[in-house]
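# An overview of the molecular structure
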Amino acid sequence: MFSIGELAKRTKVKVPTIRYYEEMGLLAEAERTSGNQRRYDKVGLERLSFIRHARDLGFSIEAISSLIELQDHPDRSCEAATDIATSQLEEVRAKIKRLRTLEKELSRISKGCDGGGLTEDCYVLASLADHNLCDREH
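Just so we're clear, the structure is a prediction, and the values are computed from it rather than from any experiment.

Within the protein, the regular secondary structure consists of six helices and two strands. Order of helices (α) and strands (β) in the protein, N terminus to C terminus: α-α-β-β-α-α-α-α. Along the first, second and third principal axes, the C-alpha atoms of the protein reach 70 × 40 × 20 Å. In the form shown here, the protein has an accessible surface area of approximately 10,000 Å², with 51% of it arising from carbon and sulfur atoms. Within the protein, one finds 22 positive and 24 negative side-chain charges whose respective centroids are separated by 6 Å.

Further remarks concern unusual backbone geometry. Here Lys 12, not a glycine, exhibits a phi torsion of approximately 60°, which is positive. The topology assignment puts Lys 12 in the loop between helix 1 (4-11) and helix 2 (15-24). For Lys 12, a relative accessible area of 66% puts it in the exposed group. Not every positive phi belongs to a glycine, and Asn 36 is a case in point at roughly 70°. Mapped onto the elements of the fold, Asn 36 is located in the loop between strand 1 (31-32) and strand 2 (38-39).

This part takes up the nonpolar core. Nonpolar side chains in soluble globular proteins generally cluster together in the buried interior. With 23 residues, the main nonpolar core has Ile 18, Tyr 21, Leu 26, Tyr 40, Leu 48, Phe 59 and Ile 64 as its most contacted residues. Elements with a contribution of two residues or more to this core: helix 1, helix 2, helix 3 (42-56) and helix 4 (61-71). If you tally residues by element for this core, the top one is helix 4, at six residues. Once residues lying within four places of it in the same chain are set aside, the contact partners of Tyr 21 are Val 13, Leu 26, Leu 27, Leu 48, Ile 51, Arg 55 and Ile 61.

Axis separation between helix 1 and helix 2 bottoms out at 9 Å; the angle between their running directions is 105°. Between helix 1 and helix 2, the crossing angle belongs to the class labelled roughly perpendicular. Between helix 1 and helix 2, the contacting residues are Ile 4, Gly 5, Leu 7 and Ala 8 on the first element and Val 15, Ile 18 and Arg 19 on the second. Looking at side-chain class alone, the contact of helix 1 with helix 2 contains five nonpolar, one polar and one charged residues.

Bringing helix 3 into the picture now. Taking 1.5 Å of rise per residue, the 15 residues of helix 3 would be expected to cover 21 Å, and the 21 Å separating its terminal C-alpha atoms lies within 8% of that figure. Looking only at helix 3, the buried set comprises Gly 44, Leu 45, Arg 47, Leu 48, Ile 51 and Ala 54. Elements that come into contact with the buried residues of helix 3 comprise helix 1, helix 2 and helix 4. A distance of 3.2 Å separates the backbone nitrogen of Val 43 from a side-chain oxygen at the start of helix 3, and that oxygen is part of Asp 41. Of the residues flanking the end of helix 3, it is Gly 58, one or two places downstream, whose phi is positive at about 90°.

Conventions and cut-offs
Residues numbered from 1 in each chain as written. Predicted model: local features only at pLDDT ≥ 70, side-chain atom pairs only at ≥ 80, totals over all residues. Heavy atoms only, no water. Helix = DSSP H or I, 4+ residues; strand = E, 2+ residues; numbered from the N terminus. Areas by Shrake-Rupley, 256 points an atom, 1.4 Å probe, with all protein chains shown as cover. Lys, Arg positive; Asp, Glu negative; His and termini not counted. Charge placed at Lys NZ, Arg CZ, Asp CG, Glu CD. Buried < 20%, exposed > 50% of the residue type's maximum accessible area, 1.4 Å probe, protein only. Core = buried A, V, L, I, M, F, W, Y, C linked by side-chain atoms within 4.5 Å. Contact = heavy atoms within 4.5 Å. Axes fitted to C-alpha atoms, helices over the stretch in contact; angles between N-to-C directions. Parallel < 35°, antiparallel > 145°, perpendicular 65-115°, else oblique. Nonpolar A, V, L, I, M, F, W, Y, C, P; charged D, E, K, R; others polar. Expected span 1.5 Å × (residues − 1). Polar contact = N/O pair within 3.5 Å; in protein donor to acceptor, adjacent residues only side chain to side chain.

Laid out in structure tokens, this is it:
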């Protein structure tokens, strides 16, 4: 059995986040000692590790809840899990595309000013103040 502190250390998830996951129903409510301290078993550790990994991959709480529901029913088809993962992949690809656009625009803006002049003539500041100076929508 693990205390909430030990669980936090092993999974690198902060104690308040563990409590939040319990409140959200992602993590089963812990057993309590006679002193009312939470105690987690190996299943709780594994579930929290699953949640942490899914969060690291950017899955939403809702998606993780759906994945846990699937995990709790091993006799079901894994098609829904694949659909959830595919949807997350599409979201990541869209974010990467937006970030590449931002990178190009920030590079262009930062190259527009050598940093040696006065702020009243600074292209960076002017570009941030006037969206029309941008090359593209971002």
